[in-house]
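Working through the structure, step by step
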Amino acid sequence: MGKTYGMKQPIFNRRGFLQQSTLATVATLAGTSIIFADKIPPHYRPLAFDYDPLKGKSPEMTVLGDKPWNVEPPVHLLDDAVTPVSKMFIRNNGLIPTDPINPATWTLTINGESVKSAKTYTLNDLKKRFKPYTYQLVLECGGNGRAGYQPQTSGNPWEQGAVSCAEWTGVRLKDILADVGIKDDAVYIGYYGKDPHLSQDPTKVAISRGVPMKKALEEETLIAWAVNGQDIPLEHGYPLRLVVGGWPASTSGKWLHTIAVRNKIHDGAKMEGHSYQVPIRPVEPGEKVAETPQNFRIIESMPVKSLVTYPKTGAMVDIKKPLAIRGHAWAGDRSVAEVHTSIDYGATWQKSKLSPPKNRLAWQQWSAELAFPQPGYYEVWVRATDDKGVTQPMVIPQWNPGGYLNNACHRIAVKAVV
Amino acid sequence: MNGVKIAFLLGALLIGLASFRNNSVTQYSSAKPPFRADTLKKDAESGLIDAPNLMMVKAQCTACHSSKLILQHRFTRAGWVDRIRWMQKYHKLWDLGESEKVVLDYLETYYGPASMSDKGTFRRPPMKQVKWYKLEP
């Protein structure tokens, strides 16, 4: 093998192109003329031409990556009861579609081994033929909080902002599936969207996950075309997406064009290995676990969790006045029974006020008033308990190879000053 | 006599083990100092450390994905090999051939695990970089 890179490869294959493009530099790709334009494989599109999903977003958002796009808000931006799109995290496994999208011709096909016969609906059919519903639904990345795990795991190092609770409007998947007709052997649904794979290889699927039939047939599982009363923005799945509240948001497929009703657990991209899976048995931090179905289970409901969304961490407050604090709490498929706060590192806990959810699978608002005994540095910790009595750990929970399900208590730093 | 011999051998073995341990520790901190990313020149486009084999890393890695997938992680050489194998298994990454060693040398040197104090071995480390502000009522 030669020591000159790329020159010995035929330039027409992908690898050859990539090596040549590196010589040309990506900066050149962004310019008006594209070096080797005639040699670019037909499906390859330089990154510079992609859509900018940050345009509608708060300038305070943290960009974890732009290829694929992964963006999260700092926790204090999540103060609204209903998350505005401008403060909603973006999670992608593949690329945001660049081909023009025409909602008038967009279709959803329901197929798979366990449909009586495949059926295709236009977006307009869905809106006209089925009753629309609107729900506030928590969508949280399975890897939210991954940055807290030591040793570090693969995947985006999300802090605690990869969660939203917006108002989604669409039709119930169960209504569509009833119209199509499902066989008795149906086990799972799997979605397919139009997001290209990172490699831009059209034969590769970026992500194709799903949920068991029981979750698919819940009333709140929607095929949605609107969020907070508006069309879904492109980066969140325009014009159609699946919305599955309370489960890893990777089950809520974007740019949705097909749902397969499977007679087995769906085997699409990101259903394999340790993707969105955790070891069945507790493992030592850093331990190697063979990625077999015997060792791993697919994450279903997300665990109980809470955030302090006001004030922003770092608040210097007047010690003479009580400090009003607030935030949200949620618990996957369950509801939150109690929320407590502590200003002494968990030695004592005070019960907060807690409101019921707007609907099942929506997050709940909590609030409290704090008095600080003397001037100084405090950490305000919040801890939610679900309706089965399961509570959040203060320490980082069970390490796992994918860095999922970190629901450790959130905290903010506060200085009480005279 | 035999007892003395055994004690001597045992002692030598213990010293050997101890020095081996020391070696592996000192190798980490002196022979191979963990480079501080903020003291080295960075490539403006990718944010990656501008070192001799940067172009190879860009050709093999960031042609397909964001450089942040490297910048955000600190893995051992074996850890980086795992990432490459995973991308080869699931994401059509090609066989890197001889350039794999070059890429791994670069990643191990500049993006290996920092000293343990960097992130702390705490289950919840002290809060860092708090930006204090006066909260107006």
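Please read these numbers as outputs of a predicted model, since none were measured by experiment.

**A few points about the overall build of chain A**
On a plain count of helices and strands, chain A comes out with five helices and 24 strands. Looking at the 418 residues of chain A, the share that counts as buried comes to 55%. Contacts in chain A between residues far apart in sequence, at least 24 positions, make up 70% of those at least 6 positions apart. With an accessible surface of roughly 17,200 Å², chain A has 55% of that area assigned to carbon and sulfur atoms.

**Describing empty space enclosed by the protein**
For the coordinates displayed, the defined rule picks out four cavities of 30 Å³ or more. Estimated volume of the largest cavity: approximately 780 Å³. Among the elements of the structure, α2 (54-62), α3 (68-71) and α4 (77-90) of chain B are those that each provide at least two residues to the lining of the largest cavity. Of the residues contributing to the lining of the largest cavity, the split by class is 19 nonpolar, 15 polar and six charged. Quantified by volume, the second largest cavity comes out at close to 240 Å³. Lining the second largest cavity are 20 residues, and of these R91, R241, A249, S252 and K254 of chain A sit closest to its centre.

**So, the state of the cysteines**
Residue and element names in this part refer to chain A. Considering all chains together, one arrives at zero disulfides over all chains under this definition. Its sulfur unpaired, C141 is 16 Å from the next cysteine sulfur, which belongs to C165. Classification of C141 as buried rests on a relative accessible area of 4%. Summary of cysteine pairing: C409 is not part of a disulfide, and the nearest cysteine sulfur, belonging to C141, is at 20 Å. You can call C409 buried: its relative accessible area is 0%.

**As for the pattern of salt bridges**
Residue and element names in this part refer to chain A. According to the stated counting rule, one finds 28 salt bridges over all chains in the structure shown. The partner of K305 in a salt bridge is E140, with the nearest N and O atoms 2.7 Å apart. Of this pair, K305 sits in strand β16 (residues 305-310) while E140 is found in strand β6 (residues 132-140), placing the two residues 165 residues apart along the sequence. Assessed through its relative accessible area of 4%, K305 is described here as buried. Exposure remark for E140: the relative accessible area of 2% places this residue in the buried category. A salt bridge links D333 to K215, with the nearest nitrogen and oxygen atoms 2.7 Å apart. In this pair, D333 is assigned in the loop between β18 (323-330) and β19 (336-342) and K215 in helix α5 (residues 213-216), connecting sequence segments 118 residues apart. Among the residues examined, K215 registers a relative accessible area of 3% and is labelled buried. Salt bridges sharing common partners tie together K215, E218, E220, D333 and R360.

**Considering the environment of P303 of chain A**
Residue and element names in this part refer to chain A. When you line up the elements, P303 lands in the loop between β15 (296-298) and β16. Remark: the alpha-carbon pair of P303 and N406, spanning 103 residues in sequence, is separated by 8.6 Å. Among all residues touching P303, those that are not within four sequence positions of it are W330, A331, G332, L405 and N407.

**Here we look at the sheet that holds strand β8 (residues 188-193) of chain A**
Residue and element names in this part refer to chain A. One open sheet accounts for five strands, arranged β5-β4-β13-β8-β9; its pairing is mixed. Pairing within the sheet leaves two strands with one partner each, and these edge strands are β5 (119-122) and β9 (210-212). Within this sheet the neighbouring strands show an average axis-to-axis angle of 15°, counted without direction. Two elements, strand β4 (residues 107-111) and β5, share four bridges in a ladder whose sense is antiparallel. In the sheet register, I110 faces β5, and the bridge partner there is K119. Across the sheet, helix α4 (residues 173-180) lies against β4, β5, β8 and β13 (256-262), angled at about 130° from β5, the strand it touches most.

**Thoughts on the confidence of the model for chain A**
Residue and element names in this part refer to chain A. Overall, the prediction assigns chain A a mean pLDDT of 90, with 88% of residues at 70 or greater. pLDDT under 50 marks residues 1-37. Its contacts with residues more than four places away, or in other chains, come to 53 contacts. Per-residue pLDDT stays below 50 along residues 40-48; that stretch engages in 20 contacts with residues further than four places along the chain or on separate chains.

**Here's the deal with the pairing of β16 of chain A**
Residue and element names in this part refer to chain A. Counting buried positions over the six residues of β16 gives five, a clear majority of the element. Inspection of the sheet shows β16 paired to β18 by five bridges, in the antiparallel sense. Its bridge partner lying in β18, S306 is registered against A329.

**Examining the packing of aromatic side chains**
Counted under the stated rule, the structure contains 11 aromatic pairs over all chains. Ring plane angle 55° and centroid distance 5.2 Å describe the contact between Y106 of chain B and Y110 of chain B, whose orientation is recorded as tilted. Taken together, the residues Y106 of chain B and Y110 of chain B, both in helix α5 (residues 99-110) and four residues apart, mark about one turn of the helix. Chaining the aromatic ring pairs together yields one cluster made of Y106, Y110 and Y111 of chain B. One cation-aromatic arrangement involves K312 of chain A over Y133 of chain B; the distance from NZ or CZ to the ring centre is 5.2 Å. Sitting above the plane of the W132 of chain B ring, K415 of chain A keeps its charged end 4.3 Å from the centroid.

The rules behind each value
- Residues numbered from 1 in each chain as written.
- Chains lettered and ligands numbered in written order.
- Predicted model: local features only at pLDDT ≥ 70, side-chain atom pairs only at ≥ 80, totals over all residues.
- Heavy atoms only, no water.
- Helix = DSSP H or I, 4+ residues; strand = E, 2+ residues; numbered from the N terminus.
- Buried < 20%, exposed > 50% of the residue type's maximum accessible area, 1.4 Å probe, protein only.
- Contact = heavy atoms within 4.5 Å.
- Areas by Shrake-Rupley, 256 points an atom, 1.4 Å probe, with all protein chains shown as cover.
- 1 Å grid on protein atoms, 1.4 Å probe; cavity = no way out; pocket = protein on both sides within 12 Å on 5 of 7 lines; lining within 4 Å.
- Points joined across faces, edges and corners; volume = space filled by probe spheres on them.
- Nonpolar A, V, L, I, M, F, W, Y, C, P; charged D, E, K, R; others polar.
- Disulfide = S-S within 2.5 Å.
- Salt bridge = Lys/Arg side-chain N within 4 Å of Asp/Glu carboxyl O.
- Pairing = 2+ DSSP bridges.
- Axes fitted to C-alpha atoms, helices over the stretch in contact; angles between N-to-C directions.
- pLDDT = per-residue confidence, 0-100.
- Phe/Tyr/Trp six-rings, centres within 6.5 Å; stacked < 30°, edge-to-face > 60°.
- Lys NZ or Arg CZ within 6 Å of the ring centre and 35° of its normal.

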